[in-house]
Amino acid sequence: MSLPRLSSINPAFHHGEIALQKKLGIDKEIGERTNGFIRSYMPEQHRQFFTSCPFTVLALVDDEGYPIALPIWGGDDLIESPSPTQLRFHLPDEVLDMIRNALNLDVMAGSKIGIVGIEYATRRRNRLNGTISHATDGNLTILVDQSFGNCPQYIHKRNTTKKRRLAIDGQLENSMSDNVNMTTTTTHTINARVRSIIERAETFFIASRHNSLGQEANEGLDVSHRGGNPGFINVKGNTITFPDFSGNKFFNTLGNILLDPHVGILFWDNETGDLFFVKAKAKVEPTESKVTVFRETGVKGAAFKGAERFVSLSVISVTHIKGIYPYSHKITDMSPYALQTGDWK
């Protein structure tokens with residue numbers, strides 16, 4: 001989408017993000033409030049956070065230009081921080097195989113990357129957008145472009161346990177073995193299994209991109225957490241619609257969508273360890289489009305509690321990887337903010 005080149009008090013924002021801030025008349029306020037908050041380095045507490053974080057999701061671009069949200073895992077040395085401007089990942093073979101073969105993701109030196117880390121026990125969350133400076137096998141060194149914290153509003157507290165699952169002849173078996181048979185299927189429609197997972201979800205991750213993926217710090221990839229009540233995502237045919245609730249007003253995801261509609265959505269099955277990677281083209285539906293959204297989704301009503309706007313996704317493909325994800329994240333406490341929002345029933 002072509003937008004005028006807009007400026008902000010804070011140069012960390014690009015013109016897609018600024019356009020949405022200006023529409024609400026808050027661009028000056030956000031620019032002033034965030035000056036110095038979005039940094040080109042990690043403060044010490046962020047470095048400690050990332051190197052001990054039990055749950056990390058990356059945004060990487062695939063061979064068709066779609067940003068993909070990818071959970072990663074590994075040993076105690078999964079993430080290191082050699083300096084305030086660097087993170088280093090040591091990815092195990094199964095994650096590297098998923099990146100290279102199942103999803104065809106770009107991890108070459110010079111490529112952009114988005115990172116979000118969540119400490120589920122405390123609902124703490126930090127973001128980092130950067131550039132891969134060095135890549136050898138499963139070792140990736142990331143240079144920081146933007147580093148900042150995020151509010152915990154819609155994050156549910158969870159208890160994380162490791163349950164290595166193996167997909168063997170269609171049967172799932174819990175084991176601590178490192179030998180995982182990766183079974184991958186890709187479809188271009190939302191089947192019954194995928195629909196059930198999405199409609200029951202209370203959390204997903206969305207990866208988005210700047211249209212240029214250029215040299216500037218604000219021209220990269222981003223990956224964001226979205227949370228709500230179970231049932232806050234609507235599926236009709238091959239279209240997914242979800243509400244956008246009040247947040248930090250940075251509009252990192254929605255600002256990217258204004259510039260480039262390609263997005264990647266991550267869902268997972270907490271019981272089986274199955275991962276679902278949805279590639280789609282996104283459209284931001286403004287507040288005044290609520291009636292249209294409800295008509296198109298087949299839901300009666302004139303409001304969705306807590307929604308400030310909606311995002312509709314035209315699904316291009318769904319890649320399903322069986323039993324690969326080795327963690328279970330059982331909810332122990334629903335977000336009080338999410339409990340105040342609605343669903344599509």
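Our subject is the structure listed above.
Residues numbered from 1 in each chain as written. Predicted model: local features only at pLDDT ≥ 70, side-chain atom pairs only at ≥ 80, totals over all residues. Heavy atoms only, no water.

## Observations regarding the overall build of the protein chain
Part 1: Secondary structure assignment for the protein chain yields seven helices and 19 strands.
Part 2: Going through the 345 residues of the protein chain one by one, you find that 59% of them count as buried.
Part 3: In the protein chain, the proportion of contacts linking residues at least 24 apart, taken out of those at least 6 apart, comes to 73%.
Part 4: When the accessible surface of the protein chain is totalled, it reaches about 14,400 Å², and 48% of it is carbon and sulfur. (Helix = DSSP H or I, 4+ residues; strand = E, 2+ residues; numbered from the N terminus. Buried < 20%, exposed > 50% of the residue type's maximum accessible area, 1.4 Å probe, protein only. Contact = heavy atoms within 4.5 Å. Areas by Shrake-Rupley, 256 points an atom, 1.4 Å probe, with all protein chains shown as cover.)

## Examining the packing of aromatic side chains
Part 1: Per the stated rule, a full pass over the model turns up 18 aromatic pairs.
Part 2: Taken together, a centroid distance of 5.0 Å and an interplanar angle of 70° make the contact between Phe204 and Phe242 edge-to-face. With Phe204 in strand S12 (residues 203–209) and Phe242 in strand S15 (residues 239–245), the pair connects residues that are 38 residues apart, well separated along the chain.
Part 3: Through successive ring pairs, a cluster of aromatic residues spans Phe55, Trp73, Tyr120, Phe205, Trp268, Tyr325 and Tyr327. (Phe/Tyr/Trp six-rings, centres within 6.5 Å; stacked < 30°, edge-to-face > 60°.)

## Some remarks on the sheet that holds strand S1 (residues 55–61)
Part 1: Read across the open sheet, the seven strands follow the order S2-S1-S5-S6-S7-S4-S3; overall the sheet is antiparallel. Pairing within the sheet leaves two strands with one partner each, and these edge strands are strand S2 (67–72) and strand S3 (79–83). Going from strand to strand, the sheet's axes swing by 30° on average, the running direction of each strand aside.
Part 2: Sheet topology places S1 next to S2; six bridges connect them, and they run antiparallel. (Pairing = 2+ DSSP bridges. Axes fitted to C-alpha atoms, helices over the stretch in contact; angles between N-to-C directions.)

## Concerning the pattern of salt bridges
Part 1: Counted by the stated rule, this structure contains 16 salt bridges.
Part 2: One salt bridge in this structure joins Arg193 and Asp269, with 2.9 Å as the shortest N-O distance. Of this pair, Arg193 sits in helix H5 (residues 192–200) while Asp269 sits in the loop between strand S16 (262–268) and strand S17 (275–285), and the two are 76 residues apart along the sequence.
Part 3: Classification of Asp269 by relative accessible area gives buried; the value is 11%. (Salt bridge = Lys/Arg side-chain N within 4 Å of Asp/Glu carboxyl O.)

## Details of the pairing of strand S5 (residues 112–119)
Part 1: Within S5, seven of the eight residues are buried, leaving the element largely enclosed by the surrounding structure.
Part 2: The pairing of S1 with S5 spans five bridges and is classified as antiparallel. Paired with Val57 across the strands is Val116, a residue of S5.
Part 3: Alignment of S5 against strand S6 (residues 124–136), held across eight bridges, turns out to be antiparallel.

## Details of the packing of helix H1 (residues 15–23) against helix H6 (residues 252–259)
Part 1: Direction vectors running N to C along H1 and H6 enclose 110°, while the axes themselves pass 7 Å from each other. When the axis of H1 is compared with that of H6, the two are roughly perpendicular. Considering the relative orientation of H1 and H6, their crossing is right-handed. On H6, the residues touching His15, Gly16, Glu17, Ala19 and Leu20 of H1 are Asn252, Leu254, Gly255, Leu258 and Leu259.
Part 2: A per-class count over the contact of H1 with H6 returns five nonpolar, four polar and one charged. (Parallel < 35°, antiparallel > 145°, perpendicular 65-115°, else oblique. Left-handed = near helix turned anticlockwise from the far one by under 90°. Nonpolar A, V, L, I, M, F, W, Y, C, P; charged D, E, K, R; others polar.)

## Here's the deal with unusual backbone geometry
Part 1: The backbone of Asn104 shows a phi angle near 55°, a positive value even though the residue is not glycine.
Part 2: Inspection of the secondary structure assignment puts Asn104 in the loop between helix H4 (93–102) and S5.
Part 3: In this structure Asn104 comes out as partly exposed when scored by relative accessible area, which is 35%.
Part 4: You will see that Leu213, though not glycine, has its phi angle at about 45°, which is positive.
Part 5: Inspection of the secondary structure puts Leu213 in the loop between S12 and strand S13 (221–227).

## What to know about the environment of Trp73
Part 1: Of note, Trp73 is situated in the loop between S2 and S3.
Part 2: Between the C-alpha atom of Trp73 and that of Phe55, which follows or precedes it by 18 residues, the distance is 7.5 Å.

## Some thoughts on the pairing of S1
Part 1: Across the seven residues that make up S1, a large majority, seven, are buried.
Part 2: The alternating pattern of S1 places Phe55, Val57, Ala59 and Val61 and Thr56, Leu58 and Leu60 on opposite faces, both of which are buried.
Part 3: Hairpin connection from S1 to S2: five residues lie between these consecutive antiparallel strands, with Gly65 at a positive phi of about 90°.

## Remarks on H1
Part 1: Most of H1 sits inside the fold, with seven of its nine residues counted as buried.
Part 2: On the buried face of H1, the contacting elements are helix H2 (27–34) and H6.
Part 3: Count one or two residues on from H1 and you reach Gly25, which has phi positive near 70°.

## Details of the side chain of Glu17
Part 1: Looking at where Glu17 falls in the secondary structure, it is placed in helix H1.
Part 2: Although Glu17 is buried, it makes no salt bridge; Arg127 carries the closest opposite charge, 7.2 Å away.
Part 3: Sequence-distant contacts of Glu17, that is, excluding residues within four places in its chain, are made with Ala12, Phe250, Phe251, Asn252 and Gly255. (Lys, Arg positive; Asp, Glu negative; His and termini not counted.)

From the geometry alone we can't say anything about function, so treat these as descriptive.
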